[in-house]
Amino acid sequence: MRGSSPGPAPLTSGEGSRAARAAPWRATRGRWRRRSRQRRPGRVLPFPLGFAQNLIAGSHGAPRGAAGRDERGAGAARGASVTAGPGGGGREGICLEKQRLFVQIQRGQNEPERAAGARAGRAERSPLAPAPGLSYGLLPRPCRALVLLNPLSGPGLALKDFQALVQPMLAEADVAPTVFVTGKCPERSRRPPATPPSPPRGPARPRPGHARLSALSSPERPHHAHEKVRDEDLSQWDTLVVMSGDGLLHEVVNGLMERQDWEAAVKTPLCILPGGSGNALAASINHYAGNDHAGKRELLTNCAFILCKGLHTQMDLVSLSTASGTRLFSFLSFGWGFISDVDIASEKYRKLGNARFTLGTLQHLVRLQVYQGRLSYLPADAAPGARDDPPAPVPNGHAGRILPPAETGAPGARAEAALPEDSLLVPLQQPVPAHWTVVPEEEFVFVYAIYQSHLGSDLLMAPAARLHDGRIHLFFLKAGVSRVTMLKLFLAMEKGTHLDLNCPHLRYVPVRAFRLEPRASAGVMTVDGEALACEPVQGQIHGRLCRVLCGS
């Protein structure tokens, strides 16, 4: 018709389909933003970080609005595929790490219910199903964490990695860290020391979503973390976090066991963040959570996620007694021979990180040594009460004590008789009970007792191990093995298939107690990667003695 204005041009089929696909997403995105602002009035965070904050609080009993909407949000998060940028060190990498935290917390919000048996069907299908009688717990929100950090461990990047990667994630998860630097910090040594802030008193709570970072001290003497946890009032914190290698956690565990209130102190959940060279416990916890093998950066991210989720459970400890009267508690391993020699001798290559162990292994293979001694053990499946006249257990106050000993009247001093008794052991001066097994061979390349799955971040030595299985996984390699065979064993150990090689010289036995009596002082002994004088030693497992943060 003349004079009429032409209508809008018709859309093509392609343009219409694109518009139709985009419209629902725009509407959904707008609803998510409005809900995020409603849940946290006065504090608006970019999607999905605001919802992640409220979800963390909701999983710990805080009021949650519109549970149905939360479930739909969880489904949307599970459907998304979010990965960290290369290195994860920049602002974009940190934001992506926080989005991964959102996804991980969505997946892990029902972990306590599954651990309690509410999701028994799914737990039965899982290869890592919790054992009967286990107790799980959750960290409170807001959460106060004491972080013991060694900036000189491993390659020396622990402090930098904590500030760049871990601290932003903790701020998002309502975890306020108080950092205690256990070594000389290169960055702070170039400027005058600041006045250390006073520790928090009483039930003071940090502002939600903000991390409080304070360096309390920069000591240069050894065992200062040991003294810190032994003498400190631990009621100020909800968890103890160690960002270093396994050696610093060894100090923390033994410091807790020296306290007069050790039974309550060891119930404080421990957390390990990999900052050293080996990082065996961190790799083990990552393995128990069902994650694949991870490099250092990814392993640190996974362990930080575990800390943010706050799920903790029980962990076994092993009591070790030596002929000189020292008593130690170990969470990871005891070694003698080749593996221990490599661990200690490669300390000078710590700047190489985990590669130091590869270099040390090649060097010691050239000059392969044999160590003489007698090895005895109590098999894990041995029937209790098999002996007619059970010997008296090792007394706690005589043959066993933790070194360095606590001074009389010190705030953390404790009565040694209060420690758990080694009921499976007899004094080292006496022969082992008749129902024990004595290895007929007395020449070994190494003897290694491990209670976790990993020997290092890339060495899966005991795939069947768990945090609370009540077993010591005893490996010993008899003399006569060739260097080529040893190299094949360690290469297969990266995937945990070394036992499939059926090496006649390698033996593996799950035990509850063991004794090692070297013929000479040759070789190096290690406990959790720390050097120990070569002398007769025996140990037994104490099931579920402490608590540790876990992924499942």
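Summary of the structure given here. Because the structure is a prediction, the values reported are computed rather than measured.

Its place among the elements puts Leu170 in helix α7 (residues 158–172). Put simply, Leu170 and Ala304 are 134 residues apart on the chain and 7.9 Å apart in space, counted from C-alpha to C-alpha.

Time to look at the nonpolar core. Ranked by internal contacts, the top residues of the largest apolar core, which has 89 residues, are Leu249, Val252, Leu256, Leu273, Phe338, Phe446 and Met461. No other element matches the eight residues that helix α12 (residues 296–309) contributes to this core. Ignoring sequence-local partners within four residues, the contact set of Phe338 consists of Thr361, His364, Leu365, Leu368, Tyr371, Val445, Phe446, Met486 and Phe490. Listed in part, the 26 residues of the second largest apolar core include Phe444, Ala449, Tyr451 and Leu532.

The next point concerns the packing of helix α13 (residues 338–345) against helix α14 (residues 355–366). At a closest axis distance of 9 Å, the pairing of α13 and α14 adopts a crossing angle of 125 degrees. In terms of orientation, α13 and α14 fall into the oblique class. The two elements α13 and α14 meet at a crossing, and its hand is right-handed. Of α14, the residues touching α13 (which contributes Phe338, Asp341, Val342, Asp343 and Ala345) are Arg356, Phe357, Gly360, Thr361, His364 and Leu365.

Right, let's talk about the side chain of Ser284 for a bit. Mapped onto the elements, Ser284 comes out in helix α11 (residues 280–288). Within polar-contact distance, the side chain of Ser284 engages the side chain of Ser453 at 3.3 Å. Beyond its immediate stretch of four places on either side in the chain, Ser284 contacts Gln452, Ser453 and His454.

This paragraph deals with the packing of aromatic side chains. Per the stated rule, a full pass over the model turns up five aromatic pairs. Summarising the aromatic geometry, the rings of Trp336 and Tyr371 are spaced 5.7 Å apart at their centres and angled 55 degrees between planes, so their arrangement reads as tilted. With a gap of 35 residues between them, Trp336 in strand β8 (residues 333–337) and Tyr371 in strand β9 (residues 371–379) connect regions that are remote in the sequence. Both residues of the pair, Trp336 and Tyr371, count as buried. Where Phe338 meets Phe490, the ring centres are 5.9 Å apart and the plane angle is 35 degrees; that geometry is what we call tilted. Placement of the pair is Phe338 in helix α13 and Phe490 in helix α15 (residues 483–493), with a sequence separation of 152 residues.

Conventions used here
- Residues numbered from 1 in each chain as written.
- Predicted model: local features only at pLDDT ≥ 70, side-chain atom pairs only at ≥ 80, totals over all residues.
- Heavy atoms only, no water.
- Helix = DSSP H or I, 4+ residues; strand = E, 2+ residues; numbered from the N terminus.
- Core = buried A, V, L, I, M, F, W, Y, C linked by side-chain atoms within 4.5 Å.
- Buried < 20%, exposed > 50% of the residue type's maximum accessible area, 1.4 Å probe, protein only.
- Contact = heavy atoms within 4.5 Å.
- Axes fitted to C-alpha atoms, helices over the stretch in contact; angles between N-to-C directions.
- Parallel < 35°, antiparallel > 145°, perpendicular 65-115°, else oblique.
- Left-handed = near helix turned anticlockwise from the far one by under 90°.
- Polar contact = N/O pair within 3.5 Å; in protein donor to acceptor, adjacent residues only side chain to side chain.
- Phe/Tyr/Trp six-rings, centres within 6.5 Å; stacked < 30°, edge-to-face > 60°.

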